[in-house]
Amino acid sequence: MFALSCGHSDLQWASAERSPQPSANKSSTTDDSFQNTIDVNVLCSRLSELQRIPFEKGAKADDPVYDGLMSYGQDAIPCLIKEISNTAPAIDPRESPHVRDYVIGDSAVFLLSRITGEPIVEMLPKNIADQWADRGIYAYFDFVSRLENRKTIQKWWEKWFEDYQHRKTFRD
């Protein structure tokens, strides 16, 4: 297992003082690494403020939370995984058919999918994934309407991240 660290809600948002940079451009010094961890966690703690997830992958949203998390890319994965089980209500920021019972954890799942390229259908159990062709994203929303199913998705991402870390170690 791995440790997830998120939610420094007592930290002040400092988008004007420091904007996130893509992983490839980050300094490898300890101070910068620590600051980047704080910044990405601040962004994750602000998922409730997310207003827009663009339909097109790679498009800017003109939304500080979305654009900031996307700029962090893979560095945002751990705190987004932690947020999957967050069932606090949120506005559906997607540019596709909106759902009524949207929660913060759904934003985490959609951003994880966008960052990693993993299709939503891949994280669903087979019997739910089989409904995808007919029901599309509504198969996902019906599945995660129960907290234990949302936690199943979270465990899938934890395993994905563990495997990713293992693959990354062998590439480095």
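Enquirer: Any chance you could explain the overall build of the protein chain here in plain terms?
Expert: Within the protein chain, the regular secondary structure consists of eight helices and zero strands. The helix and strand sequence of the protein chain, counted from the amino end, reads α-α-α-α-α-α-α-α. Within the protein chain, the proportion of its 172 residues that are buried is 42%. Of the contacts formed within the protein chain by residues at least 6 apart in sequence, a portion of 65% connects residues at least 24 apart.

Enquirer: Looking at this structure, I do not really get the packing of helix α2 (residues 64-72) against helix α4 (residues 104-116). What am I missing?
Expert: Each pair of packed helices gets described by two things: the angle between the helix axes and the distance between those axes. For the pair α2 and α4, interaxial distance at closest approach is 10 Å and the crossing angle is 40°. By the angle class used here, α2 and α4 are oblique. The two elements α2 and α4 cross, and the hand of that crossing is right-handed. Here α2 contributes Tyr66, Leu69 and Met70 to the contact with α4, which in turn contributes Leu111, Arg114 and Ile115. Here the contact of α2 with α4 is composed, by residue class, of five nonpolar, no polar and one charged.

Enquirer: Looking at this model, I keep getting lost on the packing of aromatic side chains. Mind explaining?
Expert: How two aromatic rings sit relative to each other is set out by the distance from centre to centre and by the angle between their planes. If you walk through the whole model with that rule in mind, you get nine aromatic pairs. For the ring pair Tyr102 and Phe110, a centre distance of 6.3 Å and an interplane angle of 10° mean the geometry is stacked. Comparing Tyr102 with Phe110, the two get one shared label, buried. Arranged with centres 4.9 Å apart and planes meeting at 85°, the rings of Trp156 and Trp157 form a pair that is edge-to-face.

Enquirer: Where do I start with α2 in this structure?
Expert: Owing to its 3.6 residues per turn, the α-helix aligns residues three or four sequence positions apart on the same side. For α2, the tally of buried residues reaches seven of nine residues, placing the bulk of the element in the interior. All of the buried residues in α2 are Val65, Tyr66, Asp67, Gly68, Leu69, Ser71 and Tyr72. Phi turns positive one or two residues past the end of α2, at Gly73, with a value near 55°.

Enquirer: Looking at this structure, how should I read the nonpolar core?
Expert: Soluble globular proteins tend to pack their nonpolar side chains together in the buried interior. Residues Leu47, Leu69, Leu80, Tyr140 and Ile153 are the most contacted members of the largest nonpolar core, which totals 43 residues. Of all the secondary-structure elements, those providing two or more residues to this core are α1 (30-45), α2, α3 (77-83), α4, α5 (126-129), α7 (137-143) and α8 (147-171). Sort the elements by how many residues they give to this core and α4 lands first, with seven residues.

Enquirer: Help me out: how do you make sense of the side chain of Asp63 in this one?
Expert: As for its placement among the helices and strands, Asp63 is situated in the loop between α1 and α2. Despite being buried, Asp63 has no salt bridge partner; Arg52 is the closest side chain of opposite charge, sitting 8.0 Å away. A distance of 3.0 Å separates a polar atom in the side chain of Asp63 from the backbone nitrogen of Val65. Those residues in contact with Asp63, other than ones at most four positions away along the chain, are Glu49, Leu50, Gln51, Arg52 and Gly68.

Rules and cut-offs
Residues numbered from 1 in each chain as written. Predicted model: local features only at pLDDT ≥ 70, side-chain atom pairs only at ≥ 80, totals over all residues. Heavy atoms only, no water. Helix = DSSP H or I, 4+ residues; strand = E, 2+ residues; numbered from the N terminus. Buried < 20%, exposed > 50% of the residue type's maximum accessible area, 1.4 Å probe, protein only. Contact = heavy atoms within 4.5 Å. Axes fitted to C-alpha atoms, helices over the stretch in contact; angles between N-to-C directions. Parallel < 35°, antiparallel > 145°, perpendicular 65-115°, else oblique. Left-handed = near helix turned anticlockwise from the far one by under 90°. Nonpolar A, V, L, I, M, F, W, Y, C, P; charged D, E, K, R; others polar. Phe/Tyr/Trp six-rings, centres within 6.5 Å; stacked < 30°, edge-to-face > 60°. Core = buried A, V, L, I, M, F, W, Y, C linked by side-chain atoms within 4.5 Å. Lys, Arg positive; Asp, Glu negative; His and termini not counted. Salt bridge = Lys/Arg side-chain N within 4 Å of Asp/Glu carboxyl O. Polar contact = N/O pair within 3.5 Å; in protein donor to acceptor, adjacent residues only side chain to side chain.

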